[in-house]
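# Observations on chain architecture
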Amino acid sequence: MKEKLTVIKVGGKIVEEETTLSRLLADFSAIEGYKLLVHGGGRSATKLAARLGIESKMVNGRRITDAETLKVVTMVYGGLVNKNIVAGLQARGVNAIGLTGADMNVIRSVKRPVKEVDYGYVGDVEKVNADFLATLIRQGIVPVMAPLTHDGQGSMLNTNADTIAGETAKALAPLFDVTLVYCFEKKGVLRDENDDDSVIPVITPEEFKEYVARGIIQGGMIPKLENSFSAIDAGVSQVVITLASAIKGEGGTIIKK
């Protein structure tokens with residue numbers, strides 16, 4: 001029987017504000033057993049870029065990462081945000097280590113090819129070093145992963161945090177009984193986007209297709225759920241979409257086969 005591992009992905013807003021960060025660190029520290037945290041940090045990167053006179057360019061909510069922006073996100077994601085989280089966890093008795101994909105070659109990516117849009121120094125995950133992560137985890141060390149990877153040729157790459165969480169959970173699924181938790185600003189997947197309490201408690205692939213056909217699930221929630229089912233298909237035991245304040249298991253939407 002495989003040991004349980006909880007992979008939590010939190011957005012930048014949650015880890016960038018003192019009040020929400022403190023709550024997150026307390027809740028994350030209280031999760032029993034093995035765990036791993038993946039974080040964002042986009043708003044802090046945008047603020048620092050502006051202070052440095054670097055324009056932040058976005059296309060469909062995704063950051064265009066030119067050479068100067070890459071320096072900023074590396075500083076912010078791999079430095080400021082990551083180390084604040086690690087320090088906060090250490091203060092709560094959690095022996096955490098901050099990692100980018102370049103550290104110990106933990107996540108190798110390929111630079112996204114130019115199609116309709118040139119995203120610049122953005123990485124698409126190629127390989128996750130699951131054995132290295134498993135060694136750390138089994139020693140009682142909690143990885144805190146920044147949304148940065150590398151190409152093996154000396155270049156860092158900005159990489160979507162949802163993708164890092166999903167690919168890491170998939171890679172660790174053969175070694176652990178993995179639950180992947182995506183935290184966002186709603187209580188879960190909603191039947192009615194105007195009613196925050198209309199949470200769908202469980203979604204199967206068949207129900208997902210039906211909800212999409214009926215227009216109940218639409219927009220950005222569709223790719224989030226497609227990623228969730230991809231993780232389930234790759235051996236992740238359970239995916240939960242919920243509020244950051246509910247990561248200990250209260251409520252949310254459970255994605256199942």
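Along each chain, the written sequence defines residue order, and numbers are assigned to residues from 1. The model is predicted, so local features are restricted to residues of pLDDT at least 70 and side-chain atom pairs to those at 80 or more, both for listing and for counting; the totals for chains, interfaces and linings are taken over all residues. For the side-chain quantities, the full set of heavy atoms in the structure was used; hydrogens and water were omitted.

## Thoughts on unusual backbone geometry
Despite not being glycine, Met104 shows a phi value in the positive range, around 55°. Among the structural elements, Met104 can be located in the loop between strand 5 (96–99) and strand 6 (107–111). Unusually for a residue other than glycine, Asn105 sits at a positive phi of about 55°. Tracing the backbone through its elements, the reader meets Asn105 in the loop between strand 5 and strand 6. Only runs of H or I of at least four residues qualify as helices and only runs of E of at least two qualify as strands under DSSP, and these elements are numbered from the N terminus.

## Section: the packing of helix 7 (residues 205–213) against helix 8 (residues 221–233)
Axis definition: a line fitted to C-alpha atoms, limited for helices to the stretch in contact. Angles are taken between N-to-C directions and run from 0 to 180 degrees. Direction vectors running N to C along helix 7 and helix 8 enclose 165°, while the axes themselves pass 12 Å from each other. In terms of orientation, helix 7 lies roughly antiparallel with respect to helix 8. By crossing handedness, the relation of helix 7 to helix 8 is classed as left-handed. Between helix 7 and helix 8, the contacting residues are Pro205, Phe208 and Val212 on the first element and Ile222, Leu225, Glu226 and Phe229 on the second. Throughout, the ten residues Ala, Val, Leu, Ile, Met, Phe, Trp, Tyr, Cys and Pro are labelled nonpolar, Asp, Glu, Lys and Arg are labelled charged, and all others, Gly among them, are labelled polar. When grouped by side-chain class, the residues that make up the contact of helix 7 with helix 8 number 6 nonpolar, no polar and 1 charged. Roughly parallel refers to an angle under 35 degrees, roughly antiparallel to one over 145, roughly perpendicular to one between 65 and 115, and oblique to any angle outside these ranges. Two helices cross in a left-handed way if the nearer one is turned anticlockwise from the farther one by less than a right angle. They cross in a right-handed way if the turn is clockwise. By the convention used here, residues are in contact when the closest approach between their heavy atoms is within 4.5 Å.

## With respect to the sheet that holds strand 8 (residues 142–145)
Here, any two strands with at least 2 DSSP bridges between them count as paired. Sheet architecture is open: 8 strands sit in the order 5-8-2-1-11-13-14-12, paired in mixed fashion. Lying at the two open borders of the sheet, with one neighbouring strand each, are strand 5 and strand 12 (202–203). In this sheet, strand 2 (residues 34–39) lies alongside strand 1 (residues 4–10) in parallel orientation, the contact comprising 6 bridges. What sits directly across from Val7, in strand 2, is Leu36. Sheet strands touched by helix 4 (residues 67–91): strand 2, strand 5 and strand 8. Its angle to strand 5, the strand with the most contacts, is close to 175°.

## Considering the side chain of Glu16
Relative to the assigned elements, Glu16 resides in helix 1 (residues 12–16). In terms of polar contacts, Glu16 uses its side chain to reach the backbone amide nitrogen of Arg43, at 3.2 Å. Residues within four places of Glu16 in sequence aside, it is in contact with Gly41, Gly42, Arg43 and Ser44. The definition of a polar contact used here is a pair of N or O atoms within 3.5 Å, where within protein one atom must be able to donate a hydrogen and the other to accept one, and adjacent residues in sequence count solely through side-chain atom pairs.

## Describing the pattern of salt bridges
Should a side-chain nitrogen of Lys or Arg be within 4 Å of a carboxyl oxygen of Asp or Glu, the pair is scored as a salt bridge. In total, this model carries 13 salt bridges according to the counting rule given. Arg23 serves as the salt-bridge partner of Asp27, at 2.9 Å between the closest nitrogen and oxygen. Here Arg23 and Asp27 lie together in helix 2 (residues 18–30), a separation of 4 residues that amounts to about one turn. Of the charged contacts, one joins Lys187 and Asp197 as a salt bridge, the two residues approaching to 2.4 Å between their closest N and O atoms. Residue Lys187 is located in the loop between strand 11 (177–184) and strand 12, and its partner Asp197 is located in the loop between strand 11 and strand 12; the two are separated by 10 residues in the primary sequence. Using a relative accessible area of 37% as the deciding quantity, one classes Lys187 as partly exposed. For Asp197, a relative accessible area of 57% translates into the label exposed. Three exposure classes are used, based on accessible area relative to the maximum for each residue type with a 1.4 Å probe and protein chains only: buried under 20%, partly exposed in between, and exposed over 50%.

## Some points on the packing of aromatic side chains
Think of it this way: a Phe, Tyr or Trp ring, Trp meaning its six-membered ring, pairs with another when their centres are within 6.5 Å, and the plane angle makes it stacked under 30 degrees, edge-to-face over 60, tilted otherwise. With the rule as written, the count across this model stands at 2 aromatic pairs. Consider the rings of Tyr34 and Phe176, whose centres lie 5.8 Å apart with planes at 80°: the pair is edge-to-face. Placement of Tyr34 in strand 2 and of Phe176 in the loop between helix 6 (161–172) and strand 11 is noted, with a sequence separation of 142 residues between them. Tyr34 gets classed as partly exposed once you look at its relative accessible area, which sits at 23%. Taking 5.4 Å as the distance between ring centres and 40° as the angle between the ring planes, the aromatic pair formed by Phe208 and Phe229 counts as tilted. Pair noted here: Phe208 is in helix 7 and Phe229 is in helix 8, with a separation of 21 residues, a long-range link. Of the two residues examined, Phe208 and Phe229, each falls in the buried class. Just above the ring of Phe28 sits the side chain of Lys35; from NZ or CZ to the centre is 5.4 Å. The aromatic ring of Tyr182 is capped on one face by Lys224, whose charged end is 5.4 Å from the ring centroid. Here, a charge over a ring means that NZ of Lys or CZ of Arg falls within 6 Å of the ring centre while also lying within 35 degrees of the ring normal.

## Describing the UniProt feature "site: Transition state stabilizer" (unreviewed entry) in the protein
UniProt positions are given in the numbering used here, feature names are shortened, and annotations may be inferred rather than shown by experiment. Mapped onto the present numbering, the UniProt feature "site: Transition state stabilizer" (unreviewed entry) falls at Lys9 and Lys224. The greatest C-alpha distance among the annotated residues, which extend across 216 residues, is 12.3 Å, indicating that they converge on a single site. For Lys9, a relative accessible area of 10% corresponds to the buried category. Setting aside anything within four residues of it in sequence, one finds Lys9 in contact with Val38, Ala161, Asp162, Ala165, Val181, Tyr182 and Cys183.

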